[in-house]
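# Tertiary structure, described
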Protein chains: 2
Amino acid sequence: MIQPNIPESAQPRVVIVGGGFGGINLAKQLKHAPVQVVLLDRNNYHLFQPLLYQVSTAGLEPDSIAFPLRGIFRKQKNLVFRMAEVTGIKATENILETGIGDIRYDYLVFATGSNTNFFGNKAIEENAIGMKSLIEAVQIRNYVVKQFEESLLLKNPEEIKPKLNFVMVGGGPTGVELAGAFAELRKYIMPKDYPDLPQSLMNVYLIEAGPKLLASFSEKTSERTLHALQELGVKVMVNTGVKEYDGHTITLSNGETIESQSLLWSAGVKGVPVNGLPQDILLPNGRILVNEFNQVKGYENVFAIGDIAQMTNDQRFPKGYPMVAQVAIQQGKNLAHNIRLILEKKPLKGFYYKDLGSMATIGRNRAVAEFANMRLNGYFAWIVWMIVHLMSLLGFRNKLVVFINWFYRYFTYERGTRIIIKRGAANIVKLRQTVGV
Amino acid sequence: MIQPNIPESAQPRVVIVGGGFGGINLAKQLKHAPVQVVLLDRNNYHLFQPLLYQVSTAGLEPDSIAFPLRGIFRKQKNLVFRMAEVTGIKATENILETGIGDIRYDYLVFATGSNTNFFGNKAIEENAIGMKSLIEAVQIRNYVVKQFEESLLLKNPEEIKPKLNFVMVGGGPTGVELAGAFAELRKYIMPKDYPDLPQSLMNVYLIEAGPKLLASFSEKTSERTLHALQELGVKVMVNTGVKEYDGHTITLSNGETIESQSLLWSAGVKGVPVNGLPQDILLPNGRILVNEFNQVKGYENVFAIGDIAQMTNDQRFPKGYPMVAQVAIQQGKNLAHNIRLILEKKPLKGFYYKDLGSMATIGRNRAVAEFANMRLNGYFAWIVWMIVHLMSLLGFRNKLVVFINWFYRYFTYERGTRIIIKRGAANIVKLRQTVGV
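Description of the structure in this document. (Residues numbered from 1 in each chain as written. Chains lettered and ligands numbered in written order. Predicted model: local features only at pLDDT ≥ 70, side-chain atom pairs only at ≥ 80, totals over all residues. Heavy atoms only, no water.)

### Quick word on the overall build of chain A
- Each helix and strand counted, chain A has 12 helices and 24 strands in total.
- Expected size for 437 residues packed as a compact globule is a radius of gyration near 22 Å; at 23 Å, chain A falls within 12% of this value.
- Taken along its principal axes, the extent of the C-alpha atoms in chain A is 70 × 60 × 40 Å.
- Burial status across chain A gives 61% buried among its 437 residues.
- Restricting to contacts in chain A with at least 6 residues of sequence separation, those with at least 24 account for 63%.
- Split by element, the accessible area of chain A, about 17,200 Å² in all, is 55% carbon and sulfur.
- Distance from the positive charge centre (49 side chains) to the negative charge centre (37 side chains) of chain A: 7 Å. (Helix = DSSP H or I, 4+ residues; strand = E, 2+ residues; numbered from the N terminus. Rg over C-alpha atoms; globule rule 2.2 N^0.38 Å. Buried < 20%, exposed > 50% of the residue type's maximum accessible area, 1.4 Å probe, protein only. Contact = heavy atoms within 4.5 Å. Areas by Shrake-Rupley, 256 points an atom, 1.4 Å probe, with all protein chains shown as cover. Lys, Arg positive; Asp, Glu negative; His and termini not counted. Charge placed at Lys NZ, Arg CZ, Asp CG, Glu CD.)

Spelled out as structure tokens, the structure:
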């Protein structure tokens, strides 16, 4: 019989749902607190999402940006990890319902992150590709390489173009980084791997509904980014929305159409809905309304942090904080502090977001970065971007492997992992069903 | 319309089916020959199969042992690569039928390798796991990690045991290396990642039908291997066959049973059948009978090399050469030489196999190796094993990444890639269908 099998402890139990940036930082900070931490995630790894776009463009192995949660918390004696999906909550009984059985909690924290937001457009949702999970990134990589292989089998340019038109929607950091990476595939890899395909048949589009790229950055940085992408050959369209997409033709808000079999959607994220949560605390954007202590509205001992939490009391961010890693990390740390204060029956400390700045890489030798008093651009920003991301990666092995891949790519202009891993063998059907892969 | 789109050349065309060890060595040796080489493979990468077992035991990333075929042959101007499956052959017209259309050839070479041989036992074939492809290895890794995660959710040891009984069938190098790797998972990883699971619940079995392990090695080496595996805690059974397996219970030839949900089958390989080849040239073991020039029986311009070819004129190997990389490599090189001789209308050179020796690693610091006049064992053999395998890996990046993974593992006793990559998102259904992943 399946059961969570979580050892009973005399100490109060903090159940954390989600092993993303928020969840793991909260859990780590509770290492020496007098609590039992139960960490749940549907996967057995922490995913370093900021580098996901490099997996999808064959620059990094999927394994280098995923770190096993058991590895992270091996030495944390007060933590129990279980792979589980949440199915509901019985708040009056302090019970969390999961796929592996009911789990009792004293304090419950939702840190479930966010998912691609298609803003209700079902046709786009069905045909576009989001990019929030490791398997999506691997499949994008497979798909893109396959588009090239299949293009070689076609003679008519009109048949080839839709295969090699790659359209990114959303001009935020993810869209910018993806567009830059695709433009580099076009510039450096395509002529070497597919010399028979004219480069002109491949086009990279970046479509943004608002008036500028990187909306959260300064005017100057947005402009620099635009120019850098254009120099790389990306067709940037601002003030342009996507109205429809049927898998073949993209219809834009200005009536124009683009033939494309690859629409990569990074135009928005929304909170990952937790099944069984009362509907009245969920906002239309999928987030959960919390107060300044990350307490979920109407609950004393239920919290939400990171992308899933909407905290609106900061006047700098009246619509809630941006859904970025830094907010999740800082909220995780603040909540750990507050849980200690609760146990000590002291007044809680409100969350204050310290904006450490943002950055986006555009391509080889080009990035933009903005910190409190600094605005970086070009080569230096690119070096800073690399150092910050390398240092943020968990684990020595991952740092080293990613570093080598970057180093190798820099000097060889190569992509190491442009292989298509596909199914075939019959005797793995059983495995597939069991593992759900 | 899909068509192979292979440029017409004035030079004779050599079509090679399969980018394994035989195929790529043949193709490389034809670099400066006055021929057009057309290389076909169902995948877009060359797989370094000798290290596949390390992918399945979470020691290496799948990408490190796969090398894009376009990368290998980028500088070979007389070569065209296409991803394609062979569907038939019209030998009278010198036409190869493939999924991407008909391809004309002047010389045709089958280098399609081998697949797991279940010797006709359908029940075992359905429930056991083979290990010849990258996706199988990745899925074994996912499956194994999942068995551990699920074991944590069970209280009854009788329910846990079948999940943690890992049974390898076949005492050749693959079986020995797999058993050693599983024993090390048990010894080094399990106590750290799953301290709540008693180590005694995990058992590694190695079952061999013949009287000794590593049948092709000397008596002394076989014995050393047996002892080394037993020291690691592997339960080795020789003179024992597997009669039945229903996914839960393994019935052995001596009537005993083992409860196990994981039967890894490396007890034999057979030639990968090429669709549409006349049945009379296929042997029951799936191989194609060839003469000493690797010419397929009854054909002047159709060849087979490597695992798929059965050449029986060498008195040292009356049943044909072993299905190992070295034979494929040497036959590929010899055939390249013979194709040149054919073009020059000179007499062909018969194939002579030079046995470079064999090796198998048993675990940390332990390997066995036998060369012409040398028999190595223990630490030194292990170092030699690592150097030979590193040097044989294609590409600088792969060498470096594998080296780092080994180095890291050696000093940390860790496995870097024990993550479960599973499906989930709904919007990748389309991708899955298209890519067939």
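Now that the structure is up, let's keep going.
### Comments concerning the environment of serine 358 of chain A
All names here are of chain A.
- Position of serine 358 relative to the elements: it lies in strand β22 (residues 358-363).
- Serine 358 gets classed as partly exposed once you look at its relative accessible area, which sits at 27%.
- Taking the C-alpha atoms as reference points, serine 358 and lysine 212, separated by 146 residues in sequence, lie 16 Å from one another.
- Excluding anything up to four places from it in sequence, serine 358 contacts Phe217, Val368, Ala369 and Glu370.

### Observations concerning the side chain of asparagine 44 of chain A
- Within the secondary structure, asparagine 44 of chain A sits in the loop between β2 (36-41) and β3 (45-47).
- Look at asparagine 44 of chain A and you get buried, because its relative accessible area is 3%.
- With residues near it in sequence (within four places) discarded, asparagine 44 of chain A still touches Phe67, Pro68, Leu69, Phe81 and Met83 of chain A together with Val145, Glu149, Arg418, Ile419 and Ile420 of chain B.

### Quick notes on unusual backbone geometry
- Residue alanine 58 of chain A is not a glycine yet carries a positive backbone phi of 65°.
- The residue alanine 58 of chain A is located in the loop between α2 (52-56) and β4 (66-68) in this model.
- Here alanine 58 of chain A falls in the buried class, since its relative accessible area comes to 4%.
- Phi at phenylalanine 119 of chain B is positive, roughly 50°, even though this residue is not glycine.
- Note on placement: phenylalanine 119 of chain B falls in the loop between β10 (114-116) and α4 (122-127).

### Overview of the interface of chain A and chain B
- The partner chain B presents 75 residues to the 75 residues of chain A that form the contact.
- Of the roughly 7,500 Å² buried between chain A and chain B on both sides combined, carbon and sulfur atoms contribute 56%.
- Between the two partners, chain A and chain B, sit 8 salt bridges.
- With a shortest N-O distance of 2.8 Å, arginine 397 of chain B and glutamate 61 of chain A are connected by a salt bridge.
- Taken together, the links from chain A to chain B amount to 20 residue pairs in polar contact (both at pLDDT 80 or more).
- Counting only elements with at least two residues in the side of chain A that touches chain B, the list comes to β4, α3 (69-72), β5 (79-83), α4 (122-127), α5 (134-151), α7 (173-193), α11 (396-412) and α12 (429-435) of chain A.
- Here the side of chain A that touches chain B takes 11 residues from α5 of chain A, the largest share from any one element.
- The residue makeup of the side of chain A that touches chain B, split by class, is 35 nonpolar, 16 polar and 24 charged. (Buried area = accessible area lost by both parts, 1.4 Å probe. Salt bridge = Lys/Arg side-chain N within 4 Å of Asp/Glu carboxyl O. Polar contact = N/O pair within 3.5 Å; in protein donor to acceptor, adjacent residues only side chain to side chain. Nonpolar A, V, L, I, M, F, W, Y, C, P; charged D, E, K, R; others polar.)

### Some words on the relation of the copies chain A and chain B
- Here chain A sits on chain B after a turn of 180° about the axis and a move of 0.0 Å along it, with an RMSD of 0.0 Å. Those values place the two copies in the arrangement expected of a two-fold rotation axis. Measuring from the rotation axis to each C-alpha of chain A, the shortest distance belongs to valine 401 of chain A, at 3.1 Å.
- Interface overlap between copies: 100% of the residues of chain A at the interface are likewise at the interface in chain B, consistent with a symmetric, same-surface contact. (Least-squares fit on C-alpha atoms with pLDDT ≥ 70 in both.)

### A word on the side chain of glutamine 331 of chain A
All names here are of chain A.
- By secondary structure assignment, the location of glutamine 331 is in helix α9 (residues 325-343).
- Since its relative accessible area comes to 1%, glutamine 331 is described here as buried.
- In this structure the side chain of glutamine 331 is engaged in a polar contact, spanning 3.3 Å, whose partner is the side chain of asparagine 294.
- Not counting residues within four places of it along the chain, the set of residues in contact with glutamine 331 comprises Asn294, Ile305, Gly306, Ala309, Met311, Tyr321 and Phe351.

### Quick word on a nonpolar patch on the surface
- A surface patch of nonpolar side chains, about 340 Å² in accessible area, is lined by Phe403, Phe407 and Phe411 of chain A.
- Inspection of the secondary structure puts phenylalanine 403 of chain A in helix α11. (Patch = residues over 30% accessible without salt bridge, like charges linked within 9 Å, V, L, I, M, F, W, Y side chains within 5 Å.)

### Quick notes on the packing of α5 of chain A against helix α6 (residues 157-164) of chain A
Residues and elements named next belong to chain A.
- Where α5 meets α6, the closest approach of the two axes is 9 Å, and the angle between their N-to-C directions is 170°. Put simply, α5 runs roughly antiparallel to α6. For the pair α5 and α6, the contacting residues are Gln147, Phe148, Glu150 and Ser151 in the first and Ile160, Lys163 and Leu164 in the second.
- A per-class count over the contact of α5 with α6 returns 3 nonpolar, 2 polar and 2 charged. (Axes fitted to C-alpha atoms, helices over the stretch in contact; angles between N-to-C directions. Parallel < 35°, antiparallel > 145°, perpendicular 65-115°, else oblique.)

### With respect to the packing of helix α1 (residues 21-29) of chain B against helix α9 (residues 325-343) of chain B
All names here are of chain B.
- Put simply, α1 and α9 touch, their axes get as near as 7 Å, and they point 30° apart. Between α1 and α9, the interaxial angle falls into the category roughly parallel. The hand of the α1/α9 crossing is right-handed. Of the residues in α9, those touching α1 at Phe21, Gly22, Asn25, Leu26 and Gln29 are Ala325, Ala328, Ile329, Gly332, Lys333, Leu335, Ala336, Ile339 and Arg340. (Left-handed = near helix turned anticlockwise from the far one by under 90°.)

All quantities given are derived from atomic positions and should not be read as evidence of function.
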